[in-house]
Amino acid sequence: GKSEYVEVISKELEIHGTVYQPPGQTSSLPSFVKNHGLLSQENFLQLLRRAKVFVGLGFPYEGPAPFEAISLGCVFLQPRFDPPHSSHNNDFYKGKPTTRQITSQHPYAEQFIAKPYVWTVDMTNRMDIREAVKSILKTKVMPTQQGAMRDRNFLPACSRLLQ
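Residues numbered from 1 in each chain as written. Predicted model: local features only at pLDDT ≥ 70, side-chain atom pairs only at ≥ 80, totals over all residues. Heavy atoms only, no water.

Taking an unreviewed UniProt entry as the reference, the protein chain is identified by name as alpha-1,6-mannosyl-glycoprotein 6-beta-N-acetylglucosaminyltransferase belonging to Ameca splendens. If you open the UniProt record of the protein chain and go to Subcellular location (unreviewed entry), you find "Golgi apparatus membrane". (UniProt positions renumbered as here; feature names shortened; annotations may be inferred.)

Novice: Which parts of the structure should I look at to understand the side chain of Ser 86?
Specialist: Along the chain, Ser 86 turns up in the loop between strand E4 (75–85) and strand E5 (102–104). What makes Ser 86 buried here is its relative accessible area of 4%. Setting aside residues up to four positions removed in sequence, Ser 86 forms contacts with Tyr 93, Arg 100 and Gln 101. (Helix = DSSP H or I, 4+ residues; strand = E, 2+ residues; numbered from the N terminus. Buried < 20%, exposed > 50% of the residue type's maximum accessible area, 1.4 Å probe, protein only. Contact = heavy atoms within 4.5 Å.)

Novice: Just to check I follow, could you spell out the UniProt feature "domain: Glycosyltransferase family 18 catalytic" (unreviewed entry) in the protein chain for this structure?
Specialist: Under the UniProt annotation, the feature "domain: Glycosyltransferase family 18 catalytic" (unreviewed entry) is placed at residues 1–143. Taken end to end, residues 1–143 has its terminal C-alpha atoms 31 Å apart, with 32% of it in helix and 19% in strand.

Novice: Where do I start with the pairing of strand E6 (residues 118–121) in this structure?
Specialist: Moving residue by residue along a regular strand, the side chains alternate between the two faces of the sheet. The two faces of E6 match: Val 118 and Thr 120 on one face and Trp 119 and Val 121 on the other face are all buried. The pairing of E4 with E6 spans four bridges and is parallel. Paired with Phe 76 across the bridge in E6 is Val 118. (Pairing = 2+ DSSP bridges.)

Novice: Looking at this structure, how should I read the pattern of salt bridges?
Specialist: Oppositely charged side chains can form a pair if their charged atoms are brought close together. Taken as a whole and assessed by the stated rule, the structure comprises six salt bridges. Put simply, Glu 7 and Lys 11 hold a salt bridge, and the shortest N to O gap is 3.9 Å. For Glu 7, a relative accessible area of 29% puts it in the partly exposed group. Lys 11 sits in the exposed class, given a relative accessible area of 58%. Residues Glu 42 and Arg 49 are paired through a salt bridge, measuring 3.6 Å at the closest nitrogen-oxygen approach. (Salt bridge = Lys/Arg side-chain N within 4 Å of Asp/Glu carboxyl O.)

Novice: Before we go on, may I ask you to explain the packing of aromatic side chains in this structure?
Specialist: Aromatic ring pairs are defined here through the distance separating the ring centres and the angle between the ring planes. Taken as a whole, this structure holds 10 aromatic pairs when the rule is applied. Measuring from centroid to centroid gives 5.3 Å for Phe 59 and Phe 92, while their planes differ by 75°, and the two rings are edge-to-face. Of this pair, Phe 59 sits in the loop between strand E3 (53–55) and helix H3 (65–71) while Phe 92 sits in the loop between E4 and E5, and the two are 33 residues apart along the sequence. Plain terms: the ring middles of Phe 67 and Tyr 108 are 6.1 Å apart, the flat faces sit at 70° to each other, and that makes the pair edge-to-face. Of this pair, Phe 67 sits in helix H3 while Tyr 108 sits in helix H4 (residues 107–113), and the two are 41 residues apart along the sequence. The class for Phe 67 is partly exposed, based on a relative accessible area of 35%. Within the aromatic cluster, the residues linked to one another by ring pairs are Phe 59, Tyr 61, Phe 81, Phe 92 and Tyr 93. Above the face of the Phe 92 ring, Lys 96 is positioned so that its terminal group lies 4.1 Å from the ring centre. A cation sits over an aromatic face here: Lys 115 above Trp 119, 4.3 Å from the ring centre. (Phe/Tyr/Trp six-rings, centres within 6.5 Å; stacked < 30°, edge-to-face > 60°. Lys NZ or Arg CZ within 6 Å of the ring centre and 35° of its normal.)

What follows is the structure, given as structure tokens:
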């Protein structure tokens with residue numbers, strides 16, 4: 001599933017990855033992926049600033065990277081989960097005290113940010129992926145990062161909200 005998903009995207013966009021590669025081990029990534037390996041936070045953010053799309057592969061659930069990408073002007077493209085992931089059908093949630101049903105990698109982003117910044121696709125439907133990517137390429141999005149949310153201001157702003 002994931003290789004085909006990324007391959008469809010690669011027909012329209014250059015694909016970059018940040019996957020750790022142990023020294024001397026052969027890469028299992030498709031040849032069309034330009035892998036940067038593990039990056040420092042600053043180098044990762046520099047890569048995002050040059051990107052148009054941040055592609056979610058389904059995990060981690062609800063991580064911070066999509067927010068970083070969106071704040072820097074990227075569109076987040078993520079897979080839809082059908083059926084939704086839950087403790088009944090997903091090892092990650094097994095044994096955890098939750099009854100949540102996760103409909104995508106980042107359901108909050110899907111529901112509350114949405115298009116044009118967040119697109120959710122059926123990862124097994126090549127046409128759905130292709131149409132989403134072509135639409136994204138025609139869409140202009142602006143960075144959303146405001147001064148209050150930059151690194152040096154983020155924790156003090158959170159602290160003020162919690163007091």
